[in-house]
Amino acid sequence: MATFNNMVVTIFSVISLLLQLACLANAQLSPNFYATTCPNLRGIVRVAMTQAVNRELRIGASILRLFFHDCFVNGCDASILLDDTSTFTGEKNALPNRNSARGFEVIDTIKTRVEAACGSTVSCADILAIAARDGVVLLGGPTWEVPLGRRDATTASQAAANTQIPSPFANLSALISGFAAKGLTARDMTALSGAHTIGFARCATFRARIYNDTNIDPNFAARRRAACPSFAGGSGDDSLAPLDIQTPNRFGNDYYVNLVSRRGLLHSDQELFNGGSQDALVRAYGGNGNAFNRDFANAIVKMGNISPLTGINGQIRRNCRVVN
């Protein structure tokens, strides 16, 4: 009888353990995930981001872009931060990131400080998510609660980065379908595109727009052509122009005002206001900054929930550039 009871207890223990593991594997993100294990996390990230933005205003946009490009490739798992190895080719040199993805050193600095305070506790994926929010806030944008509890990928995919990150040359239909593939609506897409109210783009990404597109303000095109030659190759490819000609270092709704005036820098930007389904929303955001801020915050939280690794999946990388 005792043996039978012991077997029953063992079976129930195994079932309980399996249930716990299942719950961990399907854990939900929470803003309070590190409340006890790393209570100073937000302060550490905010101080480091404040220092970084004070050194260079552009870095806020660069960190936000890293978060966007990370989430669109197999979920928000910090795979974009991994250096190439002998077993995989990472995402840093994928076409959407080559010569343009930047801010890795800022994330390294934050990670070092977080590790000193709470070793092997906070994922690089969560650090990137918080840093992206803080960069927006420091440039005058909205704030939002960042759900936490992501874990880090142990591999990366250059091929996925080349195909899953929306192209600056895409038309509206491709943009809508690309975002829909990640569980984001057309409204989410238009709101998230407002991230282009800050930051700069390389000539190579907008050359075709300023020389070939017809739905462009001619004075704006002429101004951009002055520093972006019509031929590809050479140093001209890396010549920078502000995505938002009015306020490239302040997060606001001028991006949408520019679209209505046919002054979107990228072809994909102007596609949002080109006689299509998003025209009315672009006008609405251009006339109501609060509405844009609200929708942007909601959309980026939604984006941050794209296929996160949680529970027993992935790992907590001690160095964001390499797998443990």
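Since we're looking at a predicted model, the values are computed, not measured.

Reading the values: the criteria
Residues numbered from 1 in each chain as written. Predicted model: local features only at pLDDT ≥ 70, side-chain atom pairs only at ≥ 80, totals over all residues. Heavy atoms only, no water. Helix = DSSP H or I, 4+ residues; strand = E, 2+ residues; numbered from the N terminus. Rg over C-alpha atoms; globule rule 2.2 N^0.38 Å. Buried < 20%, exposed > 50% of the residue type's maximum accessible area, 1.4 Å probe, protein only. Contact = heavy atoms within 4.5 Å. Areas by Shrake-Rupley, 256 points an atom, 1.4 Å probe, with all protein chains shown as cover. Core = buried A, V, L, I, M, F, W, Y, C linked by side-chain atoms within 4.5 Å. Disulfide = S-S within 2.5 Å. Phe/Tyr/Trp six-rings, centres within 6.5 Å; stacked < 30°, edge-to-face > 60°. Polar contact = N/O pair within 3.5 Å; in protein donor to acceptor, adjacent residues only side chain to side chain. 1 Å grid on protein atoms, 1.4 Å probe; cavity = no way out; pocket = protein on both sides within 12 Å on 5 of 7 lines; lining within 4 Å. Points joined across faces, edges and corners; volume = space filled by probe spheres on them. Nonpolar A, V, L, I, M, F, W, Y, C, P; charged D, E, K, R; others polar. Salt bridge = Lys/Arg side-chain N within 4 Å of Asp/Glu carboxyl O.

Student: Is there a simple way to explain the overall build of the protein in this structure?
Tutor: From N to C terminus, the protein includes 14 helices and 2 strands. Expected size for 324 residues packed as a compact globule is a radius of gyration near 20 Å; at 22 Å, the protein falls within 12% of this value. With respect to the three principal axes, the spread of C-alpha positions in the protein is 90 × 35 × 35 Å. The buried share of the protein, reckoned over its 324 residues, is 49%. Within the protein, counting contacts between residues at least 6 apart in sequence, those at least 24 apart form 77% of the total. Put simply, the protein shows about 14,300 Å² of open surface, and 55% of that area lies on carbon and sulfur atoms.

Student: Can you help me understand the nonpolar core in this one?
Tutor: Leu41, Ile63, Phe67, Leu81, Ile110, Phe296 and Met303 are the most contacted members of the largest nonpolar core, which has 75 residues in total. Per-element tally for this core: the top contributor is helix α5 (residues 124-138), with 9 residues.

Student: Explanation requested: the state of the cysteines in the structure shown.
Tutor: As used in these notes, a disulfide is a covalent bond between sulfur atoms, one from each of two cysteines. Applying the stated criterion to the full structure yields 4 disulfides. Between Cys38 and Cys118 runs a disulfide, and the two sulfur atoms are separated by 2.0 Å. Disulfide Cys38-Cys118: the torsion about the S-S bond is 60°, which places it as right-handed. In this pair, Cys38 is assigned in the loop between α1 (2-25) and α2 (41-55) and Cys118 in the loop between α4 (104-117) and α5, connecting sequence segments 80 residues apart. On the basis of relative accessibility, which here comes to 1%, the residue Cys38 falls in the buried class. Linked covalently through their sulfurs, Cys71 and Cys76 form a disulfide whose S-S length is 2.0 Å. Here Cys71 and Cys76 share a disulfide; its torsion about the S-S bond, 120°, makes the bridge right-handed. Each member of the pair, Cys71 together with Cys76, is buried. Ordering the disulfide-forming cysteines of the protein by sequence position, one finds them joined as 1-4, 2-3, 5-8, 6-7.

Student: Just to check I follow, could you spell out the packing of aromatic side chains for this structure?
Tutor: What characterises a pair of aromatic rings is the spacing of the ring centres plus the angle enclosed by the ring planes. Evaluation of the coordinates by the stated rule reveals 12 aromatic pairs. Each member of the aromatic cluster is reached from another via a ring pair, and the members are Trp144, Phe251, Tyr255, Tyr256, Tyr285, Phe292 and Phe296.

Student: How should the environment of Ser123 be read in this particular structure?
Tutor: Mapped onto the elements, Ser123 comes out in the loop between α4 and α5. According to the relative accessible area criterion, Ser123 is buried, its value standing at 0%. Setting aside anything within four residues of it in sequence, one finds Ser123 in contact with Tyr34, Arg150, Arg151, Asp152 and Ile316. Only 2.7 Å separates the side chain of Ser123 from the backbone oxygen of Arg150, close enough to count as a polar contact.

Student: Help me out: how do you make sense of empty space enclosed by the protein in this one?
Tutor: Empty space left among the atoms is revealed by rolling a probe the size of a water molecule over them. Enumeration according to the criterion identifies 1 cavity of 30 Å³ or more in this entry. In this structure, the largest cavity spans a volume of roughly 60 Å³. Taken together, Phe67, Ala129, Trp144, Glu145, Val146, Pro147, Arg150, Ile300, Val301 and Gly304 make up the lining of the largest cavity. For the lining of the largest cavity, the class distribution of residues is 7 nonpolar, 1 polar and 2 charged.

Student: Got a minute to help me understand the side chain of Asp70 in this structure?
Tutor: Take Asp70: it is sitting in helix α3 (residues 59-71). Polar contacts involving the side chain of Asp70 include one to the main-chain amide nitrogen of Asp77, which spans 3.2 Å. Contact partners of Asp70, with chain neighbours within four places excluded, come to Gly75, Cys76, Asp77, Ala78, Ser79, Ile80 and Leu128.

Student: Which parts of the structure should I look at to understand helix α9 (residues 203-212)?
Tutor: What sets the pattern is the α-helix's 3.6 residues per turn: residues three or four places apart point alike. Along α9, the positions that sit buried rather than exposed are Cys203, Phe206, Arg207, Arg209 and Ile210. Summarising the contacts, the buried residues of α9 are in contact with β1 (200-202), α10 (218-225), β2 (240-242) and α12 (267-270).

Student: Mind showing me how you'd approach the side chain of Lys111 here?
Tutor: By the element assignment, Lys111 lies in helix α4. Within the structure, the side chain of Lys111 is placed 2.7 Å from the backbone oxygen of Val122, a separation counted as a polar contact. Not counting the four nearest positions on each side in its chain, Lys111 is found in contact with Val122, Cys124, Ile127, Ile316, Arg317, Arg318 and Cys320.

Student: Looking at this structure, how should I read the layout of surface pockets?
Tutor: By volume, the largest pocket amounts to about 1,100 Å³. Around the largest pocket sit 45 residues that line it, and Arg65, His69, Pro96, His196 and Leu266 are the ones nearest its centre. Every element with two or more residues in the lining of the largest pocket is listed here: α3, α6 (158-164), α7 (172-180), β1, α9, α12 and α14 (289-303).

Student: Got a minute to help me understand the pattern of salt bridges in this structure?
Tutor: Two side chains that carry opposite charge are able to pair once their charged atoms sit near each other. On inspection of all chains with the given rule, the structure shows 15 salt bridges. Residue Asp134 pairs with Arg133 through a salt bridge whose shortest N-O separation is 2.7 Å. Of the two residues, Asp134 and Arg133, both sit in the buried class. Residue Asp295 is joined to Arg187 by a salt bridge in which the shortest nitrogen-to-oxygen separation is 2.9 Å. One end of the pair, Asp295, is in helix α14; the other, Arg187, is in helix α8 (residues 186-192), with 108 residues separating them in the sequence. With relative accessibility at 11%, the residue Asp295 sits in the buried group. On the accessibility criterion, Arg187 (43% relative accessible area) is partly exposed. When salt bridges with common partners are traced through the structure, they connect Asp83, Lys92, Asp108 and Arg321 into a single cluster.

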